[in-house]
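What follows is each chain in one-letter form.
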Amino acid sequence: MKRKWMVLIASIVAIMLCISVVFYFWHKEQQKKDAVAKYALLEEYSYAGGTLHMEADTSEYDQTGDPNDIELMPTDLTYDLLQRWEAIAEVIPTIDYPEEAVEKEDWLEVFSTLANNRFDMEEASEKLAERVTNETPESMVINSYIYKGMIRRNYFREFLEENGIEGPDQRRLE
């Protein structure tokens, strides 16, 4: 009888030890996944802030270590970019403008929408360039305009003027 109890206790200890080892490795894996997710979110804030010309307030993040505590703050350059983007989206329906996300100041969603529009912008740029005969076409004219306000081709300046986005200007290159 005593031997049965010893075997039972030894079996229970062995099972608990196995469960503990499994839990330990599962917990380590979860920590690794959490660290990767945190790093990815930090990168997203960095890319969003840089692309949208924003400033970042990290004072709360510095205390908590939670990337969701980073606050992206728009600058005048941000509002200029948004204004150009909205104007282009009004005349080129394949380009999305995230009006609701802008109103809510959900800057990660705004950045995501802008990034997802990249190929649509290039495609629209190529369509604009199809009618050009006296200039070298460029597949990034819309991207350059939205991101930086650059108008590097006369045909694109004419398109902007025809659609009331930009006024007449004698400069060819900016």
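In the block above lies the structure referred to throughout.
A brief look at the structure comes next. (Residues numbered from 1 in each chain as written. Predicted model: local features only at pLDDT ≥ 70, side-chain atom pairs only at ≥ 80, totals over all residues. Heavy atoms only, no water.)

What about the overall build of the chain?
Assigned secondary structure in the chain consists of eight helices and two strands. Written out in order from the N terminus, the α and β elements of the chain read α-β-α-β-α-α-α-α-α-α. For the chain, the spread of C-alpha atoms along the principal axes amounts to about 100 × 35 × 25 Å. Taken over 174 residues, the chain has a buried fraction of 33%. Counted over contacts in the chain with a minimum sequence separation of 6, partners at least 24 positions apart contribute 44%. Looking at the chain, you have 18 positive and 35 negative side-chain charges, and the mean spots of the two groups are 15 Å apart. (Helix = DSSP H or I, 4+ residues; strand = E, 2+ residues; numbered from the N terminus. Buried < 20%, exposed > 50% of the residue type's maximum accessible area, 1.4 Å probe, protein only. Contact = heavy atoms within 4.5 Å. Lys, Arg positive; Asp, Glu negative; His and termini not counted. Charge placed at Lys NZ, Arg CZ, Asp CG, Glu CD.)

Brief notes about a negative patch on the surface
A grouping of Glu-60, Asp-66, Glu-71 and Glu-105 is seen on the molecular surface, where their side chains present a negatively charged patch. Positionally, Glu-71 belongs in strand β2 (residues 71-73). Note on Glu-71: relative accessible area 44%, which makes it partly exposed. (Patch = residues over 30% accessible without salt bridge, like charges linked within 9 Å, V, L, I, M, F, W, Y side chains within 5 Å. Areas by Shrake-Rupley, 256 points an atom, 1.4 Å probe, with all protein chains shown as cover. Salt bridge = Lys/Arg side-chain N within 4 Å of Asp/Glu carboxyl O.)

A few points about helix α5 (residues 107-116)
Residues Trp-107, Leu-108, Val-110, Phe-111, Thr-113 and Leu-114 constitute the buried set of α5. Taken together, the buried residues of α5 touch α1 (2-51), β2, α3 (76-91), α4 (99-103), α6 (118-129) and α7 (141-148).

Topic: unusual backbone geometry
Glycine aside, a negative phi is what most residues show, and trans is what most peptide bonds show. For His-53, which is not a glycine, the phi torsion comes out positive at approximately 55°. Note on placement: His-53 falls in the loop between α1 and β1 (55-57). You will see that Glu-105, though not glycine, has its phi angle at about 55°, which is positive. Examined against the element boundaries, Glu-105 turns out to sit in the loop between α4 and α5.

Brief notes about the packing of α1 against α5
Taken N-terminus to C-terminus, the directions of α1 and α5 make an angle of 75°; their axes are 9 Å apart at the nearest point. On the basis of the axis angle, α1 is roughly perpendicular to α5. Two secondary-structure elements touch here, α1 through Leu-41, Glu-44, Tyr-45, Tyr-47, Ala-48 and Thr-51 and α5 through Trp-107, Leu-108, Phe-111 and Leu-114. Residue composition of the contact of α1 with α5, by class: eight nonpolar, one polar and one charged. (Axes fitted to C-alpha atoms, helices over the stretch in contact; angles between N-to-C directions. Parallel < 35°, antiparallel > 145°, perpendicular 65-115°, else oblique. Nonpolar A, V, L, I, M, F, W, Y, C, P; charged D, E, K, R; others polar.)

Some words on the nonpolar core
Ranked by internal contacts, the top residues of the largest apolar core, which has 40 residues, are Trp-85, Ile-88, Ile-95, Ile-142, Ile-146 and Phe-156. Elements represented by at least two residues in this core include exactly α1, α3, α4, α5, α6, α7 and α8 (154-162). Setting aside residues up to four positions removed in sequence, Ile-142 forms contacts with Ile-88, Ile-92, Ile-95, Met-121, Ala-124, Ser-125, Leu-128 and Phe-156. (Core = buried A, V, L, I, M, F, W, Y, C linked by side-chain atoms within 4.5 Å.)

Observations regarding the pattern of salt bridges
As enumerated under the stated definition, the model contains four salt bridges in all. Two residues, Glu-138 and Arg-152, come together in a salt bridge whose shortest N-O distance is 2.2 Å. Highlighted residues: Glu-138 in the loop between α6 and α7 and Arg-152 in the loop between α7 and α8, separated in sequence by 14 residues. We note a salt bridge from Arg-153 to Glu-138, for which the minimum N-O separation is 3.7 Å. Taken as a pair, Arg-153 in the loop between α7 and α8 and Glu-138 in the loop between α6 and α7 lie far apart in primary sequence, 15 residues in all. Among the residues examined, Arg-153 registers a relative accessible area of 19% and is labelled buried. The buried category is assigned to Glu-138, whose relative accessible area is 11%. Where salt bridges share partners, they join Glu-138, Arg-152 and Arg-153 into one cluster.

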